Amino acid sequence: MSALRTDTLRQALGPLAVFAGLLAVISIAVPTFLGGGGPSIIAQQATPILLVALGQCVVLQIGSIDLSNAAIALFCSILAALTLGPLGAVAPVFCLLVVTLIGVANGLILVYTQIPSFALTLGTLGVMQAASLVVTGSNVVYVMDNMDVVAWLFTVTFLTIPVAFWISVLLAVALWAFLRFTVPGQGLAAIGFNERAAGLSGQPVNALKVLAFGLSGFFAGLAGLCVISISGAASSIGLGSDLLVPSIAAALVGGTAITGGTCNPLNVVFGAMFVALIPVGSAAVGVNPQAQSIVYGLVLIIAVAATMSRSRTGIVK
């Protein structure tokens, strides 16, 4: 019983503890970090990671994985750069609809072909990367008009933090409430724990899988809009092209079980901030740029070990 209580406590407080611990270390090493705009920089870096991670944690909740959602986010930013000029305020809605449908298509292919999600979304990742190259002509696409439609996400601040970050936190709270208190949300967890039992209990397993991937596409689209808001331009190798590993890491540091059934979007917020803090903090304390990848990997391993659940089966795959 005490072991179970310890594991529950780790899940509840671990993500916050590892983030606070790293922040404390950096604040001691660089006393001006907190007062010199550090929190604003971390929030800006964490926002796209958080949004992609929220979509990822829903898919992980059902025991699958989405390797394409970061590429979908990048495609959305490119699509926004191309459409903001002619469509104005309609462009974000159009872009979100397109990428959400891409996520839904992933879900539909998954349930009707039974292709493993790893292989399916790896294929979608390649398709989206190719589509980004074709649409941009391998060039940078700049927003020429109506930049104000999305620019406010990072120019407007509350408590010195960009409003986009606060919106992302509110979305995490909404997703947490959906997963915890609604029948479809509980059904997603049931699939992750035991898909066969979930089907026998009357859960619409296929529809819920499509919902999970649709939500992944939607959150990826929001991340793409944040990318274009920050940079005002998009390309296939530009800002947002490296979101996949950080977003998965943020979900895992946030206590999401890669085997399914366990997900807390509120903790994913701290996971995203932790992941965003690592490279910024490494640079702030003077870690050699060539060694930052080593630090990044080691710190992530320690963080995941400190926050992951070990209560389900006692077996790690």
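In the nomenclature of an unreviewed UniProt entry, the chain corresponds to Autoinducer 2 import system permease protein LsrC from the organism Neotabrizicola shimadae. In UniProt, the chain has this text filed under Subunit (unreviewed entry): "The complex is composed of two ATP-binding proteins (LsrA), two transmembrane proteins (LsrC and LsrD) and a solute-binding protein (LsrB)."

Further remarks concern the overall build of the chain. Scanning the chain from N- to C-terminus turns up 13 helices and four strands. Since a compact globule built from 317 residues should have a radius of gyration of about 20 Å, the 19 Å found for the chain is in line with a globular shape. On the principal axes, the C-alpha backbone points of the chain span a range of 55 × 50 × 35 Å. Counting the 317 residues in the chain, one finds 50% classified as buried.

For any two helices packed against each other, one specifies the crossing angle of their axes together with the interaxial distance. The interhelical angle for the contact between helix α2 (residues 38-61) and helix α7 (residues 163-181), taken along N-to-C directions, is 15 degrees, at an axis separation of 9 Å. By the angle between their directions, the pair α2 and α7 is classed as roughly parallel. In terms of crossing hand, the pair formed by α2 and α7 is left-handed. From α2, A43, T47, L50, L51, L54, C57, V58 and Q61 reach across to α7, where they touch A164, F165, S168, V169, L171, A172, L175 and L179. Grouping the amino acids of the contact of α2 with α7 by side-chain chemistry returns 13 nonpolar, three polar and no charged.

Moving on, we get to the environment of I278. Mapped onto the elements, I278 comes out in helix α12 (residues 265-284). Each C-alpha atom, one on I278 and one on G297, is 9.6 Å from the other, the two residues being 19 residues apart in sequence. Setting aside anything within four residues of it in sequence, one finds I278 in contact with L22, Y296, V299 and L300.

With the rule as written, the count across this model stands at five aromatic pairs. The interplanar angle of 75 degrees and the centroid separation of 5.9 Å between the aromatic rings of F158 and W166 together place this pair among those described as edge-to-face. The structure contains a cluster of three or more aromatic residues connected by ring pairs, namely F158, F165 and W166.

In this section: the nonpolar core. Core analysis: the biggest nonpolar cluster contains 91 residues, and F274, V275 and L300 have the highest contact counts within it. Per-element accounting of this core gives the leading share, 13 residues, to α2. When sequence neighbours within four positions are dropped, the list of residues in contact with L300 reads A249, V253, F274, V275 and I278.

Analysis parameters
Residues numbered from 1 in each chain as written. Predicted model: local features only at pLDDT ≥ 70, side-chain atom pairs only at ≥ 80, totals over all residues. Heavy atoms only, no water. UniProt positions renumbered as here; feature names shortened; annotations may be inferred. Helix = DSSP H or I, 4+ residues; strand = E, 2+ residues; numbered from the N terminus. Rg over C-alpha atoms; globule rule 2.2 N^0.38 Å. Buried < 20%, exposed > 50% of the residue type's maximum accessible area, 1.4 Å probe, protein only. Axes fitted to C-alpha atoms, helices over the stretch in contact; angles between N-to-C directions. Parallel < 35°, antiparallel > 145°, perpendicular 65-115°, else oblique. Left-handed = near helix turned anticlockwise from the far one by under 90°. Contact = heavy atoms within 4.5 Å. Nonpolar A, V, L, I, M, F, W, Y, C, P; charged D, E, K, R; others polar. Phe/Tyr/Trp six-rings, centres within 6.5 Å; stacked < 30°, edge-to-face > 60°. Core = buried A, V, L, I, M, F, W, Y, C linked by side-chain atoms within 4.5 Å.

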